[in-house]
Structure formats: structure tokens, C-alpha cells
Amino acid sequence: MNASQKTPVRVAVTGAAGQIGYSLLFRIASGEMLGKDQPVILQLLELPMEKAQAALKGVMMELEDCAFPLLAGMVGTDDAEVAFKDADIALLVGARPRGPGMERKDLLLENAKIFTAQGAALNKVASRDVKVLVVGNPANTNAYIAMKSAPDLPAKNFTAMLRLDHNRALSQLANKAGVAVGDIEKLVVWGNHSPTMYPDYRFATVNGQSLKDKINDADWNANEFIPKVGKRGAAIIEARGLSSAASAANAAIDHIRDWVLGSNGKWVTMGVPSDGSYGIPEGVMYGVPVITANGEYTRVEGLEVDAFSRAAMDKTLAELEEERAGVAHLLG
Ligand code: NAD
Ligand code: LMR
């Protein structure tokens, strides 16, 4: 089937004129996310401020200038209900960044307002099958808020981005073991997209052989690998003066591509509402290993949780529960 024969997929992107938006939109429009035969309509949301709308207009002009054959339409707006109208996929990237003197709690509350409103707008106008990926930080709690604010949509449609952490962990492991990054499978990143996350390679394989047998170094795991992956975002900010953008956009594309087109039996990490397994209370938006096929994700079940892992998984859970408690009063 050629591009003109397929029905376009409506992809909403918030924060479309931001850094991540700039690395993301051109790749979506060129078919890297949904396939080289899949037309897309981009529905782009930005803040109403003149500067943000002007920047959005400029990005849309550039998209136009690429003459992407798969770009079947574009909408730029400051109205969430316009951006999310009939959206099949919603990438919630725009968020309030931490300002000077702002506490984490203040950041949570400011973003809670944004994601309550966007969840409600999705609930009202998006496709009933919309696949939502929250990238804007704090990503897990923002995704939880959006999910709770959209009671008419299935909770499973709301996910948070842990894929950047997954990809970061893959590269660190490949370097340490001296293997090709593409040969590593069965990696997990448990929990929150924050320094408390737990990248776990106990089950990982490289060309079918245990990676743990190649990296038999508990000290490196606890004192180098886990903190390095957890603090990688801060290290990028320190080095670049800006937070990660191209790698974040790449991870968002990986996340949605696998969700829609399937992971071919491979484990990938997604932040999803817990079903109560692995001792994670139901509903908590928590990074877990999944396999994706036919537009659905399925948790990898039954993995052993040893004492070290239990402590690490509970630590990141405690942070998520604290964040959840901090916004509970806004969710009714
Ligand atoms: P940015 O500041 O360059 O862009 C954000 C854009 O969002 C801005 O253009 C802003 O005008 C817009 N925006 C803000 N509030 C909005 C709203 N309510 N509706 C619509 N648009 C809105 O930031 P960025 O570098 O693109 O990062 C975006 C977010 O992604 C940040 O919260 C960042 O911390 C987060 N992030 C997450 C991950 C992850 O792995 N989950 C990785 C990197 C960055
Ligand atoms: C990242 O992991 O790169 C970002 O979440 C960091 C940040 O705070 O924006």
C-alpha cells in the first residue's frame, strides 16, 4: 500500500516549538515513528504567548519547506481541544520548567495544573484509542495526573517515558561489556524517570548469553552504573547548558514506534499504570518491562525480585507515592 492509500494518523504534540519538539516533528513527518507508508497529520500545541506562537509558526514553515510526502496536514494552536481533536497519538512534551528558587513541590503543582487540563481535553475530544506518551517532567506523575483527569479513556492508554533511561542504560552496558548495543536484550528500568530509577540488567542477554556473566561486578553496578544512568539527565544539562533534546525525541519515537508497530518480542521499558504486580500498588505510573504487539503492551511477568532489587524498586516507588500525595488534592 502506498502513502496515499492509508488513512492519516493524527499525532498531537504539545510544547511543539520547544527543543524536543524541534528534534521530534521532522522525524515524525518523515515516517520514522509510524512507518514510511503512513501519512500523518500534526496537531501542534503551544502556549498562547506571542513568542511561543511565533516560534511554532516558524517550525510549521520549516515543516512545510521539507515537502514531506507523508505530511498530510498540520494544525498549530494554543487550544488543547483543537490540538487533541480526534488525536490517535498524543505526545505531551510541553511542561513548566523549574524556575529560579522553585522547589520540586512547586514544579509538581504547576505541572499538575497543565496535565489536569490536558487530560480533561483528551478525555473530551481525542480518539477513544488515543495512545498518550508523557515526556514533560515530572513525566510519571504528569502521566498519572492526565490519566486521572481522563476517566472516559482507558487508563492503559496513558504512559510515561522511561525509554531514554532504557537507551542510556543499554549504551553504558554495551561500553562496559565491550559488546554491540543492538545485541543486548531483556534490560529493565524500574520506576520513576528521576535519579531514583532502577536500571536492572540481571536478566539481560547478549546474543542469548547472560550479560551478568560478562559484567560480574556488584560494586560497578551499585556505585557506577545505577547512579550514572539515574543522573545522566543532570550530566547532560551540566555539559550542554540545556536538557537533553535529540536523545529525548529519539526515545519518544522509539516508545511510540514500538507501541504501534510492535517490539518484535523484545523487552522495552514503558512507564505504565501498575496492575499491582511486582508489589507496585495499582495505578502507580511505574517503569516496567513490556513486550508490544498489535498496538498493545504486555508486561513481562514473573521476574524474580531479589533483596537488592526490592530495596531499589521500593525507593523509586516511595518517591512516586510522595509525588502522588503532593497532587492528590487537585484530582478530586
Ligand atoms: P523547552 O522549554 O525547550 O520546550 C518546552 C515547550 O513547551 C516550550 O516551547 C513551551 O512554550 C511549551 N509549553 C510549556 N507549557 C505548555 C503548555 N501548557 N501547553 C503547550 N505548550 C507548553 O523544553 P524541552 O527541552 O523541549 O523539554 C520539554 C520537557 O521534557 C521538559 O519538562 C523536560 O524536563 C522534559 N524531558 C523529559 C525527558 C524524559 O526522558 N522523560 C527527557 C528530556 C526532557
Ligand atoms: C533527562 O533525563 O534528560 C531530563 O529529564 C532532564 C531534565 O530535567 O529535563
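Residues numbered from 1 in each chain as written. Chains lettered and ligands numbered in written order. Predicted model: local features only at pLDDT ≥ 70, side-chain atom pairs only at ≥ 80, totals over all residues. Heavy atoms only, no water.

(A) Quick look at the sheet that holds strand E7 (residues 184-185). With antiparallel pairing, three strands are arranged side by side in an open sheet as E7-E10-E11. Since the sheet does not close on itself, it has two edges, and those belong to E7 and strand E11 (209-210), each with one partner. Taken together, the two bridges between E7 and strand E10 (residues 205-206) define a ladder with antiparallel strand orientation. What sits directly across from Ile 184, in E10, is Val 206. (Pairing = 2+ DSSP bridges. Helix = DSSP H or I, 4+ residues; strand = E, 2+ residues; numbered from the N terminus.)

(B) Highlighting the pairing of strand E1 (residues 9-14). Across the six residues of E1, five count as buried, placing the element largely inside the fold. Inspection of the sheet shows E1 paired to strand E2 (residues 40-45) by six bridges, in the parallel sense. Across the sheet, the residue bridging to Val 9 is Val 40, located in E2. A crossover connection joins E1 to the parallel E2 through helix H1 (residues 19-29); in handedness this β-α-β unit is right-handed. (Buried < 20%, exposed > 50% of the residue type's maximum accessible area, 1.4 Å probe, protein only. Right-handed = clockwise from strand over helix to strand, strands pointing away.)

(C) Structural detail: the domain arrangement of the protein. Parsing the protein into structural domains produces domain 1 (9-160) and domain 2 (162-328). Computed over C-alpha atoms, the centres of domain 1 and domain 2 are 23 Å apart. Taken residue by residue, the interface counts 33 residues in domain 1 and 38 residues in domain 2. When the area that domain 1 buries against domain 2 is broken down by residue, the three leading residues are Gln 19, Lys 131 and Asn 140, summing to 22%. The interface formed by domain 1 and domain 2 holds one salt bridge in total. In this structure, Lys 156 engages Glu 296 in a salt bridge whose closest nitrogen and oxygen atoms are separated by 3.5 Å. (Domains from an automatic or database assignment. Contact = heavy atoms within 4.5 Å. Buried area = accessible area lost by both parts, 1.4 Å probe. Salt bridge = Lys/Arg side-chain N within 4 Å of Asp/Glu carboxyl O.)

(D) A look at the UniProt feature "binding site: substrate" (unreviewed entry) in the protein. Mapped onto this structure's residue numbering, the UniProt feature "binding site: substrate" (unreviewed entry) falls at Arg 98, Arg 104, Asn 137 and Arg 168. These annotated residues cover 71 residues of sequence, and their C-alpha atoms sit far apart, with the largest distance between any two at 24.0 Å. As for the lining of the largest pocket, the annotated residues named previously contribute Arg 98, Arg 104, Asn 137 and Arg 168. Tracing the sequence through the fold places Arg 104 in helix H4 (residues 104-125). If we skip the residues at most four places from it in the chain, Arg 104 touches Arg 98, Asn 192, Glu 319 and Glu 323. Looking at the element boundaries, Arg 168 is found in helix H6 (residues 163-177). Every residue in contact with Arg 168, bar those within four places of it in the chain, is listed here: His 193, Val 229, Arg 232, Gly 233, Ile 236 and Ser 244. (UniProt positions renumbered as here; feature names shortened; annotations may be inferred. 1 Å grid on protein atoms, 1.4 Å probe; cavity = no way out; pocket = protein on both sides within 12 Å on 5 of 7 lines; lining within 4 Å.)

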